[in-house]
Amino acid sequence: MEAPGKARGTHPVTLPDHTVEKIGGTSMSRLSELTGTLIIGDRKGEDLYHRIFVVSAFGGITNLLLEHKKTGEPGVFALFNNDDNDHSWLDALTRVATAMCEAHDAVLDESADRSLAEDFVRERIEGARSVLFDLRRLCSYGHFRLSAHMQIVRELLSGLGEAHSAFVTTLLLQRKGVNARFVDLSGWRDETDCTLQERIAGAMDGIDLTRELPIVTGYAQCREGLMQEYDRGYSEVTFSSLADFTGAKEAIIHKEFHLSSADPGLVGEGAVRKLGHTNYDVADQLSNMGMEAIHPNAAKTLRQANIPLRVTNAFDPDDPGTLIDDAPADTPAVEIVTGLNVVALELFEQDMVGVKGYDANALEALRRFNVRIVSKTSNANTITHYVEAPLKSVRRVVAELEKTYPSADISVRSMAIVSAIGRDLTGLHAFSSGLQALERAGIEVIAAHQTPRNVDIQFAVARDDADRAIEVLHGALVDTGLEQVVDQAA
């Protein structure tokens, strides 16, 4: 059996009606199960094709390569960046190789396939090791600064995980009789300087979707630098760009859960509802609240290309999941309740009223220190930004603003925002109903806000009250069916 090869050819890609589908890292760790249901299942012949799969790295691999997404535990990149000549990044790179081999050993049954996968890991890991050694040696001369190259290092390391998982998936499918094709967008040993679109076009050249199943890396090396622009959201940008380039009839993201009206772990499996159908406006609000159905830039690409997005449960393949498109709601409804831990940065200056520039300077300080704004409110003499960032970064913003406005009172407070979101909240009285429900539950609302567009309502509460607030609001605004309120008001 031959190892899967890169997509190369001289003929244009054959593009019939097809879907572009993405599998996340957690789901990839159950690849054997997905192969028997989602990817192959009962399909035979040409029904196996007309699809493109974009894969993430196996679960946990990207954390080992970069840093842990939630805990911040350093991976190869973080250790290399902070190396004080102890070379701990070398041990970390070895741990990545071990984890990769454990991941593919768990899904590949044939020793020949395991051998090919091990050779692939060895070639990529040892290649990365040599590159990093040479870079550190080069920068030891003083004329070159390691810091100037760290973004490129991050790009290089990011591509290792997706290349491995795509290669292994292709091996597995080929062994099962599927004409799968490894499509490597990671730019490994490729000296071409190209845009994302050019990278995709070159890799897809010669592929016939009527008889080939492309397995594509979630990371794509390109002139724009996906990691620099999107960091860990890069795979969804690759996915949406590929759907746009190939003119997919639908883009599908397979997650390990259904997109539901709340976290079932908080409100109970029996209480949540699968969304079923929503629009890109709701997807944007979810992204703002840290609950990404899809990266906002990826959603923008699909929306502008008029490609609907479907979010499914990878392990419930018979369920159609939730369709996301541009369609408005048939009736007003709160569709989802979710929450996010934030830091409230409040700038109070008695002399602010009628004076321009306060808000602009605050925004510039937040931008300079890469602090993401979730929401903001203001009155005559106070501006409050609710931000998602480490306290260390927020304190740097405070120090900057204190220099600019020495007489201002600037405070920082940890809290949470709980948001009720829907395509159309008109006439539901969800704002007042939510406040009343939280008051009855004994939860203090520190602040509340609703925009005239009527797509979301935000309640600021103490962090310790966030989970309970989600449960209360879900019970009051989703379970009870606020359409009854509309009928009564009419």
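One structure accompanies this document, and this report is about it. Keep in mind that this is a model prediction, so the values were computed, not measured.

Analysis parameters
Residues numbered from 1 in each chain as written. Predicted model: local features only at pLDDT ≥ 70, side-chain atom pairs only at ≥ 80, totals over all residues. Heavy atoms only, no water. Helix = DSSP H or I, 4+ residues; strand = E, 2+ residues; numbered from the N terminus. Contact = heavy atoms within 4.5 Å. Pairing = 2+ DSSP bridges. Phe/Tyr/Trp six-rings, centres within 6.5 Å; stacked < 30°, edge-to-face > 60°. Buried < 20%, exposed > 50% of the residue type's maximum accessible area, 1.4 Å probe, protein only. Lys NZ or Arg CZ within 6 Å of the ring centre and 35° of its normal.

## Quick word on the side chain of Thr-238
Right, on to step 1. Secondary-structure assignment places Thr-238 in helix α10 (residues 234-246).
Right, on to step 2. If we ignore the near neighbours within four places in the chain, the residues touching Thr-238 are Leu-185, Ile-200, Thr-217, Gly-218, Tyr-219, Ala-220 and Leu-226.

## Some thoughts on the pairing of strand β10 (residues 372-378)
Right, on to step 1. Bridge analysis of β10 against strand β11 (residues 382-388) gives 6 bridges, and the strand direction is antiparallel. Opposite Ser-378, over in β11, you have Ile-383 as the bridge partner.
Right, on to step 2. Connecting the antiparallel pair β10 and β11 is a turn made up of 3 residues.

## Topic: the packing of aromatic side chains
Any two aromatic rings considered together are summarised by their centre-to-centre distance and by the angle between their planes.
Right, on to step 1. Tallying each qualifying case throughout the model produces 8 aromatic pairs.
Right, on to step 2. For the pair Phe-120 and Phe-182, a centre-to-centre distance of 6.0 Å together with 80° between the ring planes defines the contact as edge-to-face. Pair noted here: Phe-120 is in helix α6 (residues 111-139) and Phe-182 is in strand β3 (residues 180-183), with a separation of 62 residues, a long-range link. Judged on exposure class, the residue Phe-120 and its partner Phe-182 are both buried.
Right, on to step 3. Ring centres of Phe-431 and Phe-459 lie 6.1 Å apart, and the angle between their planes is 25°; this geometry places the pair in the stacked category. A residue pair is termed long-range when its members are at least 10 positions apart, and Phe-431 in helix α16 (residues 430-440) and Phe-459 in strand β14 (residues 456-461) qualify at 28 residues.
Right, on to step 4. Take Phe-431: its relative accessible area is 26%, and that puts it in the partly exposed class.
Right, on to step 5. On the accessibility criterion, Phe-459 (0% relative accessible area) is buried.
Right, on to step 6. Through a chain of ring-to-ring contacts, the aromatic side chains of Phe-80, Trp-89 and Phe-133 assemble into a single cluster.
Right, on to step 7. Over the aromatic face of Phe-315 sits the side chain of Arg-30, whose NZ or CZ is 3.5 Å from the ring centroid.

## Notes on the pairing of strand β2 (residues 51-55)
Right, on to step 1. Among the 5 residues that make up β2, 5 are buried, leaving the element largely enclosed by the rest of the structure.
Right, on to step 2. Alternating residues of β2 divide into Arg-51, Phe-53 and Val-55 and Ile-52 and Val-54, and every residue in both groups is buried.
Right, on to step 3. Examined bridge by bridge, strand β1 (residues 19-23) and β2 share 5 bridges and lie parallel to one another. Bridge assignment links Glu-21 to a residue of β2, and that residue is Phe-53.
Right, on to step 4. As paired elements, β2 and strand β4 (residues 213-217) share 3 bridges and run parallel to each other.

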